[in-house]
Amino acid sequence: REQNGLAYQVGCEHFSTALHGRFMTYLATSDAQSETALDMVEEELDSAGRECFDGKLVDLFKASSVGRQAMNLLDYDSLAAYLLGAAARGRPLDQDLESARRVLDASPGMIRQAAMDWLGPRGRFVSMAGGVSCQGD
């Protein structure tokens, strides 16, 4: 963003539930730069499936993910919501441990494959809003 001056704001978010997940990228830019900025975002998503991921960096992200998951169950409200959700879905109460094991078993190759499967052009949906201006009374 800083190198090309194309966007006022750029970011991404990941939303995940037990049944669904969504990875979203967003940017805010001028009308004149919107096409170029969108091309750059799409190129960045495409590159995730082509690049090799550093094993040590992947290990740090895995540890961070498992740590966040464990810390999310430290207060009563979070633990109660987790237990209620597991019971309502008929899942074992230790499903968080199995999830943590799968995260820790992930390899750089598995992450690259997931990027190719889920961040590629087939699964993309683009929504654009433009020409919005605020004028005083």
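Residues numbered from 1 in each chain as written. Predicted model: local features only at pLDDT ≥ 70, side-chain atom pairs only at ≥ 80, totals over all residues. Heavy atoms only, no water.

Here the focus is the overall build of the chain. In terms of helices and strands, the chain carries 5 helices and 2 strands. Written out in order from the N terminus, the α and β elements of the chain read β-β-α-α-α-α-α. Taking all 137 residues of the chain together, the buried fraction comes to 15%. (Helix = DSSP H or I, 4+ residues; strand = E, 2+ residues; numbered from the N terminus. Buried < 20%, exposed > 50% of the residue type's maximum accessible area, 1.4 Å probe, protein only.)

Another point: the nonpolar core. V41, L45, A48, A115 and L119 together form the largest nonpolar core, which totals 5 residues. The element best represented in this core is helix α1 (residues 34–48), accounting for 3 residues. In this structure, L119 is in contact with F23, L45, A48, A114 and R124, ignoring residues within four places of it in sequence. (Core = buried A, V, L, I, M, F, W, Y, C linked by side-chain atoms within 4.5 Å. Contact = heavy atoms within 4.5 Å.)

Bringing the environment of L93 into the picture now. Checked against the element boundaries, L93 lands in the loop between α3 (76–89) and α4 (95–105). Given the relative accessible area of 51%, L93 is considered exposed. If we ignore the near neighbours within four places in the chain, the residues touching L93 are Y82, L83 and A86.

In this structure, K62 sits in helix α2 (residues 55–71). Apart from the residues lying within four places of it in its own chain, the contact partners of K62 are V103, L104 and A106.

Right, let's talk about the confidence of the model for the chain for a bit. Across the chain, the average pLDDT comes to 82, with 88% of residues at or above 70. Of all helices and strands in the chain, the one with the weakest mean pLDDT is strand β1 (residues 9–16) (82), whereas α4 scores best (90). (pLDDT = per-residue confidence, 0-100.)

Right, let's talk about α3 for a bit. Taking 1.5 Å of rise per residue, the 14 residues of α3 would be expected to cover 20 Å, and the 20 Å separating its terminal C-alpha atoms lies within 8% of that figure. Those residues of α3 lying buried are Y82, G85 and A86. Mapping the buried residues of α3 onto a view down its axis gives an arc of 95°, with all of them on the same face. Along α3, exposed side chains directed more than 90 degrees from the buried face belong to Y76, D77, L84, A87 and A88. Considering only its buried residues, α3 is in contact with α4. (Expected span 1.5 Å × (residues − 1). Arc of directions from axis to C-beta.)

Another aspect to go through is the pattern of salt bridges. Tallied over the full model, the rule gives 6 salt bridges. Across the salt bridge formed by D46 and R124, the nearest N and O atoms sit 2.5 Å from each other. Remark: R124 occurs in the segment after α5 (108–118) and D46 occurs in helix α1; sequence separation between them is 78 residues. On the accessibility criterion, R124 (21% relative accessible area) is partly exposed. Bridged by salt links that share partners, the residues E42, D46 and R124 form one connected network. (Salt bridge = Lys/Arg side-chain N within 4 Å of Asp/Glu carboxyl O.)

Of note, A100 is situated in helix α4. For A100, a relative accessible area of 12% translates into the label buried. With 30 residues separating them in the primary sequence, A100 and A70 have C-alpha atoms 8.9 Å apart. Setting aside its immediate chain neighbours within four residues, A100 contacts V66 and Q69.

Let us look at the side chain of D96. With respect to the secondary-structure elements, D96 resides in helix α4. Buried within the structure, D96 lacks any salt-bridge partner; its nearest side chain of opposite charge belongs to R101, at an N-O separation of 8.1 Å. Non-local contacts of D96, meaning those with residues more than four positions away in its chain, are made with Q69, L73 and Y82. (Lys, Arg positive; Asp, Glu negative; His and termini not counted.)

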